[in-house]
Amino acid sequence: MKGVRGTVLIGLGVALLVAMGLPYLASGEPDGLESAVLIAACDGDEACLDELAGEPAVAGLDPDYASGWVGGLAGVAATFLVISGLLLAVRRRDGGQRSPG
Amino acid sequence: MHIPDGFISHTPTIAATSAASAGALAYSLRTARKRLQDRQIPLVGVTAAFIFAAQMVDLPIAFGTSGHLIGGVLAAVLLGPWIACLVMAVVLAVQAIGFADGGITVIGANLSLMGLVGAIGGYFLFRGIAAVLPRTRGALLAAAGVSAWVSVVAASGLASVYLLLSDFPTQVLGYMVGLHALIGILEAVITVMVLSAVLASRPDLVAGADRLRAASSAAVAA
C-alpha cells in the first residue's frame, strides 16, 4: 500500500468543507421518515410530529451551534477521533504485535 | 432516516434491534482486531468523518421532503462490510450523543437500518451484482449505485416495520418506501461520485475493487 497521508488529509479537508460550509445551504424540510409520519400519522401537523418524536433522551449541543460550522467541526473531529481511538485500542489488545504474514 | 427516541414504544423492537446490532458490532470489532492494519486506521477515520459530514447536508428531494446520504454501501465498498458497520455505529453515536439526531434509546434500531441493512446487507448485494457483471470500473460503479439505492429502500421498509410494531398507521409503510425510492437516487448518485473519484486516484484503497485488480493483473500477466 502506498502512503495514505495525502489521501487522509484531502479526505479530512473535504469532510470539513462539507460539514462546516454546506449545512447552511441544507434544506430545513422534514426528512423521509418525518414526512412519512407527518402524512400517515399526523395529518400534516408538525406539532403532532414533535410530540411523537418526544424530547431526545440526550440533548447534545445547542441546536444553534449543532447545525452551524461549530457543529460541523466538532462532529467531524469527534467522529474521526472516536473511531481512530477505538480501532487503536482494539488493535492494541493483542499486544500491538503482528505476526509476520 | 434517524429514528428519534419517541417513535419506538414497542420494547421488544428495542431489545431485538439492540441485540442484533450488538452482535454485529462485536463481530466487526473482532474483524478489525484480526484484519485491520494500523496504517489503515486513518483511512477508516476519514471515511467516518466524511460520512458524518455528508449526513449533515439535507438536500430537497420532492414533495416538501429532504434527504441526505446514509453512506452504508459507500463505506462498505471502501472498507469492507464489518469495518463499515463500525463506521456507521460511530457516526450514529456521535449524532445521538452530540446532536440529538437519532435517539440514544433507539441507536440499535438505527444501526440495524444503516449498519446491518445499509452497510452489511448492501455490501453483499454489491458483491452479488458485481459477480455477474464484467470486471470493469463502470460495472463496479453500477453495482455500487444499484446496491446503494436498494439498501436505502430496504432500510426504509424495515424502519416502517418498526413503526408499525409501535402502532403507527399502516399507510406509513407506503409513504416511507415511496419517499425513500426517491431519496435512494441521491444515495446512488453520491455513492457513485465518491467511489469514482477514489477509484480514479487511489484504486488500491477500495476494498471492493479487488476483482478489478485481479482482472488487471491477469491482463498484465497475459
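Residues numbered from 1 in each chain as written. Chains lettered and ligands numbered in written order. Predicted model: local features only at pLDDT ≥ 70, side-chain atom pairs only at ≥ 80, totals over all residues. Heavy atoms only, no water.

Colleague: When you look at the overall build of chain A in this model, what are you seeing that I'm missing?
Modeller: Across its full length, chain A holds 5 helices and 0 strands. Order of helices (α) and strands (β) in chain A, N terminus to C terminus: α-α-α-α-α. For the C-alpha atoms alone, the extent of chain A along its principal axes is close to 65 × 30 × 25 Å. For chain A, the residues scored as buried account for 34% of the 101 residues in total. Restricting the contact set of chain A to residue pairs at least 6 apart, pairs at least 24 apart contribute 43%. Computed over 6 positive and 12 negative side-chain charges, the inter-centroid distance for chain A is 39 Å. (Helix = DSSP H or I, 4+ residues; strand = E, 2+ residues; numbered from the N terminus. Buried < 20%, exposed > 50% of the residue type's maximum accessible area, 1.4 Å probe, protein only. Contact = heavy atoms within 4.5 Å. Lys, Arg positive; Asp, Glu negative; His and termini not counted. Charge placed at Lys NZ, Arg CZ, Asp CG, Glu CD.)

Colleague: Would you mind going over the interface of chain B and chain A with me for this structure?
Modeller: Where the parts come together, the accessible area they lose is often given as the size of the interface. Residue-level contacts link 61 residues of chain B with 59 residues of chain A. As a salt-bridge pair, Arg92 of chain A and Asp38 of chain B come within 3.2 Å of each other at their nearest N and O atoms. At the junction of chain B and chain A, the tally comes to 14 residue pairs in polar contact (both at pLDDT 80 or more). Counting only elements with at least two residues in the side of chain B that touches chain A, the list comes to helix H1 (11-35), helix H2 (41-55), strand E1 (59-62), strand E2 (65-67), helix H4 (81-98) and helix H7 (171-201) of chain B. (Salt bridge = Lys/Arg side-chain N within 4 Å of Asp/Glu carboxyl O. Polar contact = N/O pair within 3.5 Å; in protein donor to acceptor, adjacent residues only side chain to side chain.)

Colleague: Please clarify how the pattern of salt bridges should be interpreted in this entry.
Modeller: When the charged atoms of two side chains lie near each other, side chains of opposite charge can form a pair. Applying the stated criterion to the full structure yields 4 salt bridges over all chains. For Arg127 of chain B, the salt bridge identified is with Asp210 of chain B, shortest N-O distance 3.1 Å. Of the two residues, Arg127 of chain B sits in helix H5 (residues 107-131) while Asp210 of chain B sits in helix H8 (residues 210-221), which places them 83 residues apart along the sequence. A relative accessible area of 23% means that Arg127 of chain B is categorised as partly exposed. One salt-bridge network, in which partners are shared between bridges, spans Arg91 and Arg92 of chain A together with Asp38 of chain B.

Colleague: Would you explain the nonpolar core in this entry?
Modeller: Within soluble globular proteins, side chains that are nonpolar tend to cluster in buried spots. Core analysis: the biggest nonpolar cluster contains 91 residues, and Met1, Ile3, Phe7 and Val87 of chain B have the highest contact counts within it. Looking at which element gives the most residues to this core, the answer is H2 of chain B, with 11 residues. For Val87 of chain B, the residues in contact, after removing those within four places along its chain, are Ile83 of chain A together with Val44, Ala48, Ile51, Ala75 and Leu79 of chain B. (Core = buried A, V, L, I, M, F, W, Y, C linked by side-chain atoms within 4.5 Å.)

Colleague: Explain the packing of helix H6 (residues 137-165) of chain B against H7 of chain B here, please?
Modeller: The relative placement of two packed helices is expressed as an angle between their axes plus a distance between the axes. All names here are of chain B. Axis separation between H6 and H7 bottoms out at 7 Å; the angle between their running directions is 150°. The angle between H6 and H7 falls in the class roughly antiparallel. The element H6 and its partner H7 pack so that their crossing is right-handed. Of the residues contributing to the contact of H6 with H7, the split by class is 21 nonpolar, 8 polar and 2 charged. (Axes fitted to C-alpha atoms, helices over the stretch in contact; angles between N-to-C directions. Parallel < 35°, antiparallel > 145°, perpendicular 65-115°, else oblique. Left-handed = near helix turned anticlockwise from the far one by under 90°. Nonpolar A, V, L, I, M, F, W, Y, C, P; charged D, E, K, R; others polar.)

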